[in-house]
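An overview of the molecular structure
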Amino acid sequence: MNLTPMMQQYFEIKNQYKDCILFFRLGDFYEMFFEDAIKASKELEITLTGRDCGMEERAPMCGIPFHSAENYISKLIEKGFKVAICEQVEDVNASKGIVKRDVVRVVTPGTVIESSMLNEKVNNYIMAIYNEKNSYGIAIAEITTGEFYAASVLYGNTKSKLIDEISRYNPSELLVNENFLNDKSLYKHVKEKFNSYISIVDKNIINKSDLIERAKNNFKNLIIDDDNTYEYSIISSGILLWYLENTQKVNLDHIKNFKQYKLEEYMIIDYSSRRNLELTETLRDKKRKGSLIGVLDRTKTSMGARLLKKWIEQPLINVSDINERLEAVMEFKEKYMIRNEIRDNLKKVYDIERLMGKFVLGKVNCRDLISFKESLKQLPNIKKIMSECASYLNSSNRENIDTLDDIFFLIEKSIIDEPPITIKEGNIIKDGYNSEVDKYRTASKEGKDWIKEFEKREREATGIKNLKVKYNRIFGYFLEVTKSYFSLIPKNYIRKQTLSNCERFITDDLKKIEETILGAEEKVIKLEYDIFIRIRDSIASQVERVKLTSNSLSKIDVICSFSEVSERENYKCPIVDESGIIKLVNGRHPVVEAFLQEEVFVPNDTTLDLSDNRVAIITGPNMAGKSTYMRQVALITLMAQIGCFVPADDATIGIVDRIFTRVGASDDLSSGQSTFMVEMAEVANILENSTENSLLILDEIGRGTSTFDGLSIAWAVIEYIVNKEKIGARTLFATHYHELSELEDKIKGIKNYCVLVQEKGEDIIFLRKIERGGADDSYGIEVAKLAGVPRSVIDRAKEILNDLEDNDLGKKEIKSKKKNRLIEGQIDLFKLNAEIRDNGSDIIEEIKNKNIEVLTPIEALNYIYDLQKRVKKG
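Residues numbered from 1 in each chain as written. Predicted model: local features only at pLDDT ≥ 70, side-chain atom pairs only at ≥ 80, totals over all residues. Heavy atoms only, no water.

**Thoughts on the pairing of strand β25 (residues 730-735)**
Spelled out, the test is: Each residue's exposure class comes from its accessible area (1.4 Å probe, protein chains only) as a fraction of the maximum for that residue type: buried when under 20%, exposed when over 50%, partly exposed otherwise. The numbering of helices and of strands both runs from the N terminus, where a helix is a DSSP run of H or I of at least 4 residues and a strand a run of E of at least 2. Each pair of strands is called paired provided DSSP finds at least two bridges between the two strands.
The buried count for β25 comes to 6 of 6 residues, which makes it a mostly enclosed element. Residues of β25 alternate between two faces, with Arg730, Leu732 and Ala734 on one and Thr731, Phe733 and Thr735 on the opposite face, all of them buried. Two strands pair when backbone bridges link them, and strand β24 (residues 695-699) and β25 are joined in this way by 5 bridges, in the parallel orientation. Among the inter-strand pairings, Ile697 is bridged to a residue of β25, identified as Leu732.

**Here's the deal with the packing of aromatic side chains**
To describe a pair of aromatic rings, you give the distance between the ring centres and the angle between the ring planes. Applicable threshold: Side-chain rings of Phe, Tyr and Trp (the six-membered ring for Trp) are treated as a pair once their centres are within 6.5 Å; stacked means planes under 30 degrees apart, edge-to-face means over 60, and tilted covers the remaining angles. Remark: a charge is flagged as sitting over a ring if the NZ atom of Lys or the CZ atom of Arg is within 6 Å of the ring centre and within 35 degrees of the ring normal.
The tally for this structure, following the rule as stated, stands at 21 aromatic pairs. Taken together, a centroid distance of 5.6 Å and an interplanar angle of 70° make the contact between Tyr10 and Phe11 edge-to-face. Through successive ring pairs, a cluster of aromatic residues spans Tyr10, Phe11, Phe24, Phe33 and Phe34. The positively charged end of Arg772 is found above the aromatic ring belonging to Tyr753, 5.5 Å away from the centroid.

**As for the sheet that holds strand β22 (residues 650-654)**
The line we're drawing: Axis lines are fitted through C-alpha atoms, for helices just across the contact stretch, and the angle between N-to-C directions can take any value from 0 to 180 degrees.
Ordered in space as β18-β22-β19-β20, the 4 strands form an open sheet in which the pairing is mixed. Since the sheet does not close on itself, it has two edges, and those belong to β18 (575-577) and β20 (604-608), each with one partner. Taken over all neighbouring pairs, the strand axes of this sheet differ in orientation by 15° on average, direction set aside. Where strand β19 (residues 582-587) and β20 come together, 4 bridges link them in antiparallel fashion. Bridging across to β20, Leu584 finds its partner in Thr606.

**Re the environment of Ser273**
Under the convention used in this document: Note on contacts: a residue pair is in contact if any heavy atoms of the two residues lie within 4.5 Å. The definition of a polar contact used here is a pair of N or O atoms within 3.5 Å, where within protein one atom must be able to donate a hydrogen and the other to accept one, and adjacent residues in sequence count solely through side-chain atom pairs.
Take Ser273: it is sitting in helix α9 (residues 271-277). Along the backbone, Ser273 and Ala634 are 361 residues apart, and their C-alpha atoms lie at a distance of 9.9 Å. Among all residues touching Ser273, those that are not within four sequence positions of it are Ile659, Phe660 and Thr661. Polar contacts involving the side chain of Ser273 include one to the main-chain carbonyl oxygen of Ile659, which spans 3.5 Å.

**Thoughts on the pattern of salt bridges**
As a working rule, side chains carrying opposite charge can pair if their charged atoms are close by. Put simply, the test is: What counts as a salt bridge is simple: a side-chain nitrogen of Lys or Arg found within 4 Å of a carboxyl oxygen of Asp or Glu.
As enumerated under the stated definition, the model contains 48 salt bridges in all. Between Glu313 and Lys309 there is a salt bridge, with the nearest N and O atoms lying 2.6 Å from each other. With Glu313 and Lys309 both in helix α11 (residues 302-313) and 4 residues apart, this pair spans about one turn of that helix. Here Glu313 matches Lys309 in class, with each residue buried. Here Glu700 makes a salt bridge to Lys626, at a shortest N to O gap of 4.0 Å. Highlighted residues: Glu700 in the loop between β24 and α26 (707-722) and Lys626 in helix α24 (residues 626-641), separated in sequence by 74 residues. One salt-bridge network, held together by shared partners, links Arg339, Arg343, Glu564, Glu567 and Arg568.

**Structural notes on a negative patch on the surface**
In plain terms, the rule: Nonpolar side chains (Val, Leu, Ile, Met, Phe, Trp, Tyr) are joined into patches within 5 Å and like charges within 9 Å, using only residues with over 30% relative accessible area and no salt bridge. All accessibility values rest on the Shrake-Rupley procedure with a 1.4 Å probe; residue burial counts only the protein chains present in the view. Only four residue types enter the charge count, namely Lys and Arg as positive and Asp and Glu as negative; His and the chain termini do not. Throughout, a charge is located at the NZ atom of Lys, the CZ atom of Arg, the CG atom of Asp or the CD atom of Glu.
On the surface, Asp605, Asp649, Asp650 and Glu771 cluster together into a negatively charged patch. Checked against the element boundaries, Asp650 lands in strand β22.

**Section: the side chain of Arg662**
You can see Arg662 is positioned in strand β23 (residues 658-662). Arg662 gets classed as buried once you look at its relative accessible area, which sits at 2%. Not counting chain neighbours up to four residues away, the residues in contact with Arg662 comprise Glu679, Glu682, Val683, Ile686, Ile697, Leu698, Asp699, Glu700 and Ile701.

**Observations concerning the sheet that holds strand β2 (residues 29-33)**
Taken in spatial order, the 6 strands make up an open sheet running β3-β4-β2-β1-β5-β6, and their pairing is mixed. The sheet is open, and its two borders are formed by β3 (49-51) and β6 (101-107), each paired with just one other strand. Going from strand to strand, the sheet's axes swing by 40° on average, the running direction of each strand aside. Pairing of strand β5 (residues 83-88) with β6, which is carried by 6 bridges, proceeds in the antiparallel orientation. Counted as the bridge partner of Gln88 is Arg101 from β6. Relative to the sheet, helix α1 (residues 5-14) contacts β1 (21-26), β2, β3, β5 and β6, its axis offset from that of β1 by approximately 145°.

**Observations regarding the pairing of strand β10 (residues 173-176)**
Neither face of β10 is exposed, since Glu173 and Leu175 on one face and Leu174 and Val176 on the opposite face are all buried. Of the strand pairs in this sheet, strand β7 (residues 126-132) and β10 are connected by 4 bridges, and their pairing is parallel. Looking at the pairing, Ile126 lines up with Glu173 of β10. Bridging between β10 and strand β11 (residues 197-200) involves 4 bridges; their strand directions are parallel. Following the sheet pairing, Glu173 is matched in β11 by Tyr197.

**Thoughts on the confidence of the model for the protein chain**
What counts is decided by this rule: The pLDDT value expresses, per residue, how confident the predictor is, ranging between 0 and 100.
Per-residue pLDDT for the protein chain averages 87, and the proportion of residues at 70 or more is 86%. A low-confidence stretch, residues 814-832 stays under pLDDT 50, and its non-local contacts, those more than four residues away or across chains, total 22 contacts.

**Concerning the packing of helix α14 (residues 352-361) against helix α22 (residues 543-569)**
Inclusion rule: Roughly parallel here means an angle under 35 degrees, roughly antiparallel means over 145, roughly perpendicular means 65 to 115, and every remaining angle is called oblique. Note on convention: the crossing is left-handed when the near helix lies turned anticlockwise from the far helix by less than a right angle, right-handed when the turn is clockwise. Residue classes follow a fixed rule: Ala, Val, Leu, Ile, Met, Phe, Trp, Tyr, Cys and Pro count as nonpolar, while Asp, Glu, Lys and Arg count as charged, and any other residue, Gly among them, counts as polar.
Running from amino to carboxyl end, α14 crosses α22 at an angle of 160°, the nearest separation of the two axes being 9 Å. Our classification of the angle between α14 and α22 gives roughly antiparallel. Handedness of the α14/α22 crossing: left-handed. Touching Ile352, Glu353, Met356 and Val360 of α14 are Val543, Val546, Ser550, Asn551 and Leu553, all from α22. Broken down by class, the residue content of the contact of α14 with α22 amounts to 6 nonpolar, 2 polar and 1 charged.

Here's what the structure looks like:
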């Protein structure tokens, strides 16, 4: 095979980027070949052609204009591809052979920086996961903002914790090592649950010492401890830095906002609970509207919107930090005139956080500079207004605002107010900023006038009436004289070309004019570009100042947003402490209330603590408001811990370290798991990872199996949760098993509540009010009627219910099942008695005196289990 030199070059480059679609620059087009061309032509819906390349068959080929590449790259990234951009990296005219080409950047889902490809209100995270045995290191970066976080996942149920962290950041790209891939179940779970592109790290670059050294060199505040708590986080950081450097091909100076953290530093919210509580998107259609963030977001900047999302996803557990935020919110709520002035200024601020990232990465254009300048213009006003604030957080944010006057005046003096998008076509530098630019620009604009003046002067001086000054690419500017005037040609005219009816000449003066005019446009374009690069790099060097300012503006924006929504929705400032008490007076669901039009939301009280009110068992029919009530308690708790006021007349929130919810499940068909299996897996996760300081929201545990199995599981789960030696967590437990109401009299820490229902003849009205006590009817048929089940089915259901009640069949069935379970328990006891006799134990005396008939099924089974353990120990 005798490949052409160009195709040889193509293959050399393509072999280095096998997992990418290679955009190979040829003139004004990016071309794709072979498999890349076949894929791209299909995905981008462009024509597939061919090219002779020295092979027997023509190479499949397709191409796109280089100036519209961004749109095509965006489509490929959305479809799950990576794109390597290969440019001509030397002057075509200076090249003696084939022009040198190289990849200047690899665009991946996690390294996108183009505004058109990003959601301005959502961070675009990339996460590296380093897996060794059952431990993980994670590193997370946001290349457009320069954020970088890292943590180690070392103890307990590490896989579950890893999933929770992935859920917290929801990265668009995951970078994993081969050990991670070898865990098939984890890999499958991550692939199914998250819409993340997964990139694989070549094992050859996993050299721990090199990666640790890379991280040390980049982050001066790296924490290295003796017990290696942070080691895996450092390794994953090194992997992520390596990947970013090798895909972006530039210095990542703006990635300095590095933080190593421990998972316990923030409230932990597991994957299922984030979805169930609809914190940042709705469960059904993934929309922002209808979620908590949709209600709380009154931010004026993209930076603020992203920070708000981060705060919602990472609630605080430090009481002091929370109260600092609440104090700042209160100040803005009370000083509403100041708040309004600040918000008016903030809405004129562009996304300077991401703009700064583009400066450092060399991707900024002149219009970005104007946006940057207009943003900086607002800073002195904001800082002046903030001087009237006294709270610690607001004062601190004000102090950290750098008005960046030097950068503002640099852009103001140098860049025209309405520049073109491109930076390589000139007309971007203001007149008077650079004398050379002015000179070339004058030459370019006035050159024609100079030529006309020169032509007029020569005619008068020589007397040649038809003398003309002309131009072509070969000779440049010249004087053209017809043969009839040859006798008048001056001695200083230098012959350039002879034609059939005329002669062409040049003079020293014309050469000087030509030197000034010719190339003036090209020279000014190049000079303007060079000046722009110097300005860009000068601003990029101030990244730390700009980032400090953008961070402060983001915080101010979010705090103002909390104040605004709190005032509009009548939210109140909660008391946040470490008492362990959650006490709400007239609490409301923030999202449901916001979307009610004609109805008035019915508020409810809540009392939970770590003593007599650990578990609230809530009974009542479906559609009566149990789920809404429980979710609102979770959301109010979370809102308080992100530093926002809450929808309640009065609220005390004892710090919650984790929120777990189990509020409905569906079949997981892809993994072959039934509804009940999914439910039990979630329950197992909650029981394993909850602590005394957690808040548990459990809805209808045990509904996916038979009545007695479900009742037994629900009963046992409550006993386990309320036991302080096991968990002892504050819990809201909704159920249809009215039998569970018995637990209030049996176990300390349990209280019964029910949803009030008003009966009017055959109809029922849900009052949506939670009161002390238990319900004794599920109103199933009435709920079916409200749901629109056909009248004939409703009537027949009532007949069947009446027959069952008249014949007492239902009660007989229940008694029969209980009796069977008791008989089974007695049989087990008899077997146990024999074993005890054989062992010569005196436990038999205890069994003789035990009144088995009064035991519930679950008590009998627990008693048998306890006896077995005692016998085996004895």
